[in-house]
Amino acid sequence: MATVSIPACTSALLLDIEGTTTPITFVKDILFPYIREHLEDYLSTHWEEDECKQDVHLLKKQIEEDMKQNRSCPVHAVDQTVHTDEEKAIREVVDNVLWQMAADRKSTALKQLQGHMWRSAYSSGRIKGEVYQDVIPSIKRWKGQGLKVFIYSSGSVEAQKLLFGYSVEGDVLDLFDGHFDTTIGAKVEGKSYERIAERIGCPPEEITFLTDVTREAKAAEEAGANVVVVVRPGNMELTDDERSHYNLITSFSQLELTGRV
């Protein structure tokens, strides 16, 4: 693919993770299986700790919201203060988390618990965050050209920082000026990008968003941001209309900043 120019007015790049900076296979074949395989042991070990209690409390709130919205749910109560049978309570949490993962839910409650589990795996060296080879050199180039670089992912901010803090390239967190997750809004809603622009302190028109998901690209466009769709191995196939509408890149190295040295 040819190089893609982004407007000279761009002051910030906003990057998706899965399918953009990081292979989808890393998330689906390493991160998610780790949760499924170690969830019950993790809960049993940390059940009485405040952080775990907060995670379970947030899951309970999500279940209550799901019930109000008439979403099917495998359990109707998750409460450490009610159950006398700890194993039963833990099993209910496990069932709910696995159900959410199977449904590809992006709930903040789920992402928070996952982030805490991944922290343990990263810090112990059992997992290292994968990034495409073109990502770090390109970000360094953009930073050298005066751009700010932010992450916006459905994974929690903590999970994002773990991936880049314990990456195959080492700790590269200092390359990023900030992180956003679903607590600021869903990635398929235009308002989320407006909030991010406000938080960054620039108009949406000065933001270029890189993602592999066209629904997210559409939402960012609606907010007034510039959009580039990243085409990586294993990403969802684009329609002919999508290919003709969006600027496409297969590598960050193809992105050129108009009017910058």
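Just so it is clear, the model here is predicted, and its values are computed rather than measured.

Asks: In this structure, what is going on with the state of the cysteines? I would like to understand it.
Replies: In protein chemistry, a disulfide is the covalent bond that joins the sulfur atoms of two cysteines. Within the structure shown, the criterion is met by zero disulfides. Of the cysteine sulfurs around Cys202, a residue in no disulfide, the closest is that of Cys9, at 9.5 Å. The exposure class assigned to Cys202 is buried, which follows from its relative accessible area of 11%.

Asks: Sorry if this is basic, but what is going on with helix α4 (residues 108-123) here?
Replies: Residues spaced three or four apart along an α-helix point in a common direction, a consequence of the helix completing one turn every 3.6 residues. The terminal C-alpha atoms of α4 lie 22 Å apart, and with 16 residues this matches the ideal 22 Å at 1.5 Å per residue to within 8%. Listed as buried for α4 are Ala109, Leu110, Lys111, Leu113, Gln114, Gly115, His116, Met117, Trp118, Ala121 and Tyr122. Tucked into the core, α4 has its buried residues touching α1 (24-46), α2 (50-68), α3 (86-102) and α6 (157-165). Gly125 occupies a position one or two residues after α4 and carries a positive phi of about 85°.

Asks: I tried to follow the packing of aromatic side chains on my own but got confused; where do I start?
Replies: Tallied over the full model, the rule gives eight aromatic pairs. Ring geometry for Tyr122 against Tyr166: centres 6.0 Å apart, planes inclined by 20°, an arrangement best described as stacked. Residue Tyr122 is found in helix α4, and its partner Tyr166 is found in the loop between α6 and β4 (178-180); the two are separated by 44 residues along the sequence. With relative accessibility at 2%, the residue Tyr122 sits in the buried group. Ring geometry for Phe164 and Phe176: centres 4.6 Å apart, planes at 50°, overall tilted. Of the two residues, Phe164 sits in helix α6 while Phe176 sits in the loop between α6 and β4, which places them 12 residues apart along the sequence. You can call Phe164 buried: its relative accessible area is 0%. Chaining the aromatic ring pairs together yields one cluster made of Tyr152, Tyr193 and Phe209. Lying across the ring of Tyr132, Arg232 places its NZ or CZ 3.9 Å from the centre.

Asks: Just to check I follow, could you spell out the nonpolar core for this structure?
Replies: As a rule of thumb, nonpolar side chains are buried together in soluble globular proteins. If you look at the biggest cluster of nonpolar residues, it comprises 55 residues, and the most contacted ones within it are Leu15, Leu43, Trp118, Trp142, Phe176 and Leu210. Among the elements that line this core, the one with the most residues is α1, at nine residues. Both domain 1 (4-22 + 130-257) and domain 2 (29-124) contribute no fewer than three residues apiece to this core. Counting residues in each nonpolar core, the second largest holds 23 residues, with Ala12, Phe150, Ile196 and Ile207 among its members.

Asks: How should I be thinking about the environment of Gly224 in this particular structure?
Replies: By secondary structure assignment, the location of Gly224 is in the loop between α8 (214-223) and β6 (226-230). For Gly224, a relative accessible area of 27% corresponds to the partly exposed category. Excluding residues within four positions of it along the chain, Gly224 makes contact with Pro204 and Glu205.

Asks: I'm lost on the sheet that holds strand β5 (residues 207-211) in this one. Help?
Replies: In a beta sheet, neighbouring strands are held together by backbone hydrogen bonds and run either parallel or antiparallel to one another. Spatially, β4-β3-β2-β5-β6-β7 is the arrangement adopted by the six strands of the open sheet, whose pairing is parallel. With one partner strand each, in any of the chains shown, β4 and β7 (247-249) form the two edges of the open sheet. Averaged over all adjacent pairs, the angle separating strand axes in this sheet is 25°, with direction ignored. Bridging between β6 and β7 involves three bridges; their strand directions are parallel. From the neighbouring strand, Val228 faces β7, where its bridge partner is Asn247. Along the sheet face, α8 touches β5 and β6 and points at about 170° away from the line of β5.

Asks: What is the right way to read the UniProt feature "binding site: substrate" (unreviewed entry) in the chain from this model?
Replies: Within this numbering scheme, the UniProt entry marks Ser153, Ser154 and Lys187 as carrying the feature "binding site: substrate" (unreviewed entry). Of the residues just listed, which span 35 residues, no C-alpha pair is farther apart than 7.8 Å, and they cluster in one region. Tracing the chain through its elements places Ser153 in the loop between β3 (148-152) and α6. Once you skip the residues sitting within four places of it in the chain, Ser153 turns out to touch Ile17, Gln160, Phe180, Asp181, Thr182 and Lys187. Of note is the side chain of Ser153, whose polar atom sits 3.1 Å from the backbone nitrogen of Gly155. With respect to the helices and strands, the residue Lys187 is situated in the loop between β4 and α7 (190-200). Looking at Lys187, its side chain comes within polar contact range of the side chain of Asp16, at 2.6 Å.

Asks: Hey, could you run me through unusual backbone geometry in this one?
Replies: Although it is not a glycine, Asp104 sits at a positive phi angle of roughly 55°. Looking at where Asp104 falls in the secondary structure, it is placed in the loop between α3 and α4.

So, how was this worked out
- Residues numbered from 1 in each chain as written.
- Predicted model: local features only at pLDDT ≥ 70, side-chain atom pairs only at ≥ 80, totals over all residues.
- Heavy atoms only, no water.
- Disulfide = S-S within 2.5 Å.
- Buried < 20%, exposed > 50% of the residue type's maximum accessible area, 1.4 Å probe, protein only.
- Helix = DSSP H or I, 4+ residues; strand = E, 2+ residues; numbered from the N terminus.
- Expected span 1.5 Å × (residues − 1).
- Contact = heavy atoms within 4.5 Å.
- Phe/Tyr/Trp six-rings, centres within 6.5 Å; stacked < 30°, edge-to-face > 60°.
- Lys NZ or Arg CZ within 6 Å of the ring centre and 35° of its normal.
- Core = buried A, V, L, I, M, F, W, Y, C linked by side-chain atoms within 4.5 Å.
- Domains from an automatic or database assignment.
- Pairing = 2+ DSSP bridges.
- Axes fitted to C-alpha atoms, helices over the stretch in contact; angles between N-to-C directions.
- UniProt positions renumbered as here; feature names shortened; annotations may be inferred.
- Polar contact = N/O pair within 3.5 Å; in protein donor to acceptor, adjacent residues only side chain to side chain.

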